[in-house]
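A look at the structure
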Amino acid sequence: MNPSSIPALETAESLPFDLLRVPVLGDLFRWRYARPLLQAPLLVVSILMILHGLFGPTLAPKNLATTLSWLNFRGVLVLVLLCAGNFFCLACPFMLVRQWARRLFKPRFNWPRALRNKWISVGLFVLILFTYELFDLWSSPWWTAWLIVAYFASVLVVDGFFKHASFCKFVCPIGQFNFVASTLSPFEVKVREQDVCTRCHTKDCIRGRREPVSDLVTIRGCELALFQPSKVGNMDCTFCLDCVHACPHDNIGILSRLPASELTTDPLRSGIGYFSRRKDLAALAIVFTFGALLNAFGMVSPVYAVESWLGQVLHVNHEAPVLGVIFTFFLILEPVLLLGLAAWFTRTRVSGKRALLPLAVRYTYGLVPLGFGMWLAHYCFHFLTGLYTLIPVTQNAIASLGRPFLGEPRWSLTGLPANVVQVFEIGFLLLGLAGSLVVTYGLAEDDAPDRPLRAFLPWAAVCLVLWCASMWLMFQPMEMRATMMSG
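How each quantity is defined
- Residues numbered from 1 in each chain as written.
- Predicted model: local features only at pLDDT ≥ 70, side-chain atom pairs only at ≥ 80, totals over all residues.
- Heavy atoms only, no water.
- Phe/Tyr/Trp six-rings, centres within 6.5 Å; stacked < 30°, edge-to-face > 60°.
- Helix = DSSP H or I, 4+ residues; strand = E, 2+ residues; numbered from the N terminus.
- Buried < 20%, exposed > 50% of the residue type's maximum accessible area, 1.4 Å probe, protein only.
- Salt bridge = Lys/Arg side-chain N within 4 Å of Asp/Glu carboxyl O.
- Contact = heavy atoms within 4.5 Å.
- Pairing = 2+ DSSP bridges.
- Expected span 1.5 Å × (residues − 1).
- Bend = angle between axes of the 7 residues up to and from the residue.
- Core = buried A, V, L, I, M, F, W, Y, C linked by side-chain atoms within 4.5 Å.
- Domains from an automatic or database assignment.
- Polar contact = N/O pair within 3.5 Å; in protein donor to acceptor, adjacent residues only side chain to side chain.
- Axes fitted to C-alpha atoms, helices over the stretch in contact; angles between N-to-C directions.
- Parallel < 35°, antiparallel > 145°, perpendicular 65-115°, else oblique.
- Left-handed = near helix turned anticlockwise from the far one by under 90°.
- Nonpolar A, V, L, I, M, F, W, Y, C, P; charged D, E, K, R; others polar.
- Buried area = accessible area lost by both parts, 1.4 Å probe.

So, the packing of aromatic side chains
- Applying the stated criterion across every chain yields a total of 29 aromatic pairs.
- Note on Phe87 and Phe239: the rings are 5.1 Å apart at their centroids and 70° apart in plane angle, and the pair reads as edge-to-face. Of this pair, Phe87 sits in helix α5 (residues 87-90) while Phe239 sits in the loop between β3 (217-219) and α13 (242-246); the two residues are 152 residues apart in sequence, bridging distant segments of the chain. Taken as a pair, Phe87 and Phe239 share a single burial class, namely buried.
- Ring geometry for Phe288 versus Trp375: centroids 6.3 Å apart, planes at 50°, classification tilted. Taken as a pair, Phe288 in helix α14 (residues 279-297) and Trp375 in helix α18 (residues 368-385) lie far apart in primary sequence, 87 residues in all. Taken individually, Phe288 and Trp375 each receive the classification buried, so the pair is uniform in this respect.

A closer look at the pattern of salt bridges
- Evaluated as defined, the whole model comprises 18 salt bridges.
- A salt bridge links Arg362 to Asp446; the nearest nitrogen and oxygen atoms lie 2.7 Å apart. Of this pair, Arg362 sits in helix α17 (residues 356-364) while Asp446 sits in helix α20 (residues 418-447), placing them 84 residues apart in sequence.
- Looking at Arg362, the relative accessible area reads 9%, which means it is buried.
- Members of the salt-bridge network, linked through shared partners, are Arg98, Arg102, Asp159, Arg220, Glu223 and Asp242.

Digging into the environment of Leu77
- Note that Leu77 resides in helix α4 (residues 64-83).
- The exposure class of Leu77 is buried, given its relative accessible area of 9%.
- Sequence separation of Leu77 and Cys380 is 303 residues, and the distance between their C-alpha atoms is 9.8 Å.
- Among all residues touching Leu77, those that are not within four sequence positions of it are Phe88, Phe177 and Asn178.

Overview of the pairing of strand β4 (residues 252-256)
- By the criterion of burial, β4 is predominantly enclosed, with 4 of the 5 residues buried.
- As defined by bridge partners, strand β1 (residues 187-191) adjoins β4 across 5 bridges and the pair is classed as antiparallel. What sits directly across from Phe187, in β4, is Ser256.

A closer look at helix α21 (residues 452-474)
- The end-to-end C-alpha distance of α21 is 32 Å, a good match for the 33 Å that 23 residues give at a rise of 1.5 Å each.
- Along α21, the helix axis deviates most sharply at Pro458, where the bend reaches about 25°.

With respect to the nonpolar core
- Phe177, Ile254, Phe372 and Trp375 are the most contacted members of the largest nonpolar core, which totals 131 residues.
- Element by element, the count of residues in this core is highest for α14, at 13 residues.
- Each of two domains, domain 1 (17-257) and domain 2 (285-486), supplies a minimum of three residues to this core.
- Not counting residues up to four positions away in its chain, the partners in contact with Trp375 are Phe125, Leu129, Phe177, Phe288, Gly291, Ala292, Asn295 and Cys380.

Description of the side chain of Arg362
- One polar contact links Arg362 to Asp446, side chain to side chain, over a distance of 2.7 Å.
- Those residues within four positions of Arg362 in sequence are excluded, and the remaining contacts are Thr264, Asp266, Ser276, Leu443 and Asp446.

With respect to unusual backbone geometry
- Unusually for a residue other than glycine, Leu241 sits at a positive phi of about 65°.
- Along the polypeptide, Leu241 turns up in the loop between β3 and α13.
- The buried category is assigned to Leu241, whose relative accessible area is 3%.
- In this structure, His315 is a non-glycine residue whose phi angle is positive, near 60°.
- Within the fold, His315 resides in the loop between α15 (302-314) and α16 (319-349).

A closer look at the packing of helix α3 (residues 34-55) against helix α8 (residues 141-161)
- Contact geometry of α3 with α8 gives a least axis separation of 7 Å together with a crossing angle of 140°. As summarised for this structure, α3 and α8 are arranged oblique, according to the angle between their axes. At the point where α3 passes α8, the crossing takes the left-handed sense. Contacts from Leu43, Ser46, Met49, Ile50, Gly53 and Leu54 in α3 reach Pro141, Trp142, Ala145, Trp146, Ile148, Val149 and Phe152 in α8.
- In terms of residue class, the contact of α3 with α8 is built from 11 nonpolar, 2 polar and no charged.

Examining α16
- Taking 1.5 Å of rise per residue, the 31 residues of α16 would be expected to cover 45 Å, and the 44 Å separating its terminal C-alpha atoms lies within 8% of that figure.
- Of all bends in α16, the biggest is about 40°, found at Phe329.

So, the side chain of Thr389
- Structurally, Thr389 can be placed in the loop between α18 and α19 (390-399).
- Note on Thr389: relative accessible area 17%, which makes it buried.
- Sequence-distant contacts of Thr389, that is, excluding residues within four places in its chain, are made with Thr67, Leu71, Leu413 and Thr414.

Observations concerning the domain arrangement of the protein chain
- When its domains are assigned, the protein chain resolves into domain 1 (17-257) and domain 2 (285-486).
- Once you take the C-alpha centre of each, domain 1 and domain 2 turn out to be 24 Å apart.
- Taken residue by residue, the interface counts 34 residues in domain 1 and 35 residues in domain 2.
- Together domain 1 and domain 2 conceal approximately 3,300 Å² of surface at their shared face, both sides included; 79% is due to carbon and sulfur atoms.
- At the junction of domain 1 with domain 2, the criterion picks out 0 salt bridges.

Rendered as structure tokens:
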């Protein structure tokens, strides 16, 4: 080998893998109309789900609205986030309708400065979890259909009045779930060479491409205010690829990276600021993590004993106040107790002068891998045990139209055996635990480089407590709602 070629070879091998350099796939993503092409089929499916939910069978396992929403979509979503990135937001059908509406109605207002945070979306995230349990959404095609309709209406109202991608960045609870989970994804929309951006004077990736004379935007830049040269990680990135299309230097790719690496550092991030100063983002991470356990708790047998006991203690017959107590425990009391104790121990063992709240905020992001492991275990249980159920449900939907060209529904088709799926569940939970331990140790090294183990141990204990709780939940007997549809 020619010695002069060795540095070039090492440089080529050290470059991250770029999806946009893959033949055919890269050409598709670089195509300006790739996003509408991906959104259109999902829009058609969404419309079919609404129609079937409102006018189809009332039995949830035979309805497209409930089967696709609570069985298939959630499982595919978390697997894509784990293996690739936030590609659902790229293909989001709600945004296609928004784009059509904006041809008729131009938004006039900027999102209020006081609301440029995650508090509204955190509240909506909790509200969806609460209504899911209160109204048994997994078992109601009618309510599921109206939830989809409400989502479309919310997008049109918010983005009809406010410019840019206000709904995605500040409102959408599904989007916030994707943002947090995608911090663990192996790909990131990122500049290839910083030097190219340094020499760029037009900043089209954020401003958009404009006509020289009229200054009219022909290709928009990032609507979520993420300036690519100073963007770090996947938080708030919808993978819309507007920056890819706008960049005149072809300097933005979908690059491979170490999953969760963005959680261990705290640089100034474009459009976000510092993670350690964002209490709203920490609250979102808490809801994401502890909400995973809460959502799984709702599908196991012990929940009914707990609800019955709470009903007697509170002297109420309605489920809402009982659920309110359970949600308060899982999303407020438990996080405050565990994170507060861990922050207190860290402060006393490492630095006695730091405030507890900033310390807790800093380490909260270390719990995200564990929470994602729980979401993976939960959603993939339903997805894999009901892997083939979409076939008979679709057959039945078409047969109800009087033209059963797909044949009679084969209701015997279900999915993988539960004992096989349980291996995947344990694997996802172990993966989540390992990720959280690695991230929290990285945070401890950055926070206390001279004695990282002292800062790490309290948070490792929190991770182990949550992991044990997750394992306990996964081995509890499931109610019929979990085997028939979802939990």
